[in-house]
Amino acid sequence: NLLVGKEGPMIHSGAAIASLFPRALGAAFPSLLRLRTATTERDYVSVGAACGVASAFAAPIGGVLIVLEEAATVQHWHSS
């Protein structure tokens, strides 16, 4: 039994793989070091988690909504 269901590992692995992209791109292309900020890494993790949701539930619109929710939440906290 998985505590978070069978979809949990799919979402987690999507987020984990996506979090590697800013680091790998920054290491491979030094001109892209601006991608190694906390904001950019959070965006990549959000997109990776959304890809996990979209593939686990076969719901691409659900993945888009997760990214929009995450972006709106972060924007709300920064504007206050």
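## Here we look at the overall build of the chain
- Each helix and strand counted, the chain has three helices and zero strands in total.
- Ordered by position from N to C terminus, the α and β elements of the chain give α-α-α.
- The buried share among the 80 residues of the chain stands at 22%.
- Residue pairs in contact within the chain that sit at least 24 positions apart in sequence constitute 48% of those at least 6 positions apart.
- Put simply, the chain shows about 5,700 Å² of open surface, and 69% of that area lies on carbon and sulfur atoms.

## Overview of the side chain of T40
- Relative to the helices and strands, T40 is located in helix α2 (residues 38-57).
- Note on T40: relative accessible area 18%, which makes it buried.
- In contact with T40, not counting residues within four places along its chain, are R34 and L35.

## Quick word on the environment of R23
- Mapping R23 onto the fold places it in helix α1 (residues 8-28).
- Judged by relative accessible area, which is 41%, R23 ranks as partly exposed.
- Expressed as a C-alpha distance, the spacing of R23 and L33, which sit ten residues apart in the sequence, is 8.4 Å.
- With near-sequence residues (within four places) excluded, R23 lies in contact with R36 and E41.
- At a separation of 2.7 Å, a polar atom in the side chain of R23 contacts the side chain of E41.

## Concerning the packing of aromatic side chains
- If you walk through the whole model with that rule in mind, you get one aromatic pair.
- Ring centres of F21 and Y44 lie 6.5 Å apart, and the angle between their planes is 35°; this geometry places the pair in the tilted category. With F21 in helix α1 and Y44 in helix α2, the pair connects residues that are 23 residues apart, well separated along the chain.

## A short note on α1
- Compared with the 30 Å implied by 1.5 Å per residue over 21 residues, the 31 Å span of α1 between its first and last C-alpha is a close match.
- All of the buried residues along α1 are G8, G14, A15, A18, S19, P22 and G26.
- Those residues of α1 hidden inside the fold are in contact with α2.

## Focus: the packing of α1 against α2
- Two elements in contact, α1 and α2, have axes whose closest approach is 7 Å; the angle formed by their N-to-C orientations is 145°. In this structure, the crossing between α1 and α2 has a hand that is right-handed. Taken together, the residues of α2 that come into contact with α1 (itself represented by M10, I11, G14, A15, A18, S19, F21, P22, R23 and L25) are E41, Y44, V45, G48, A49, G52, V53, S55, A56 and F57.
- Here the contact of α1 with α2 is composed, by residue class, of 13 nonpolar, five polar and two charged.

Cut-off values and rules
- Residues numbered from 1 in each chain as written.
- Predicted model: local features only at pLDDT ≥ 70, side-chain atom pairs only at ≥ 80, totals over all residues.
- Heavy atoms only, no water.
- Helix = DSSP H or I, 4+ residues; strand = E, 2+ residues; numbered from the N terminus.
- Buried < 20%, exposed > 50% of the residue type's maximum accessible area, 1.4 Å probe, protein only.
- Contact = heavy atoms within 4.5 Å.
- Areas by Shrake-Rupley, 256 points an atom, 1.4 Å probe, with all protein chains shown as cover.
- Polar contact = N/O pair within 3.5 Å; in protein donor to acceptor, adjacent residues only side chain to side chain.
- Phe/Tyr/Trp six-rings, centres within 6.5 Å; stacked < 30°, edge-to-face > 60°.
- Expected span 1.5 Å × (residues − 1).
- Axes fitted to C-alpha atoms, helices over the stretch in contact; angles between N-to-C directions.
- Left-handed = near helix turned anticlockwise from the far one by under 90°.
- Nonpolar A, V, L, I, M, F, W, Y, C, P; charged D, E, K, R; others polar.

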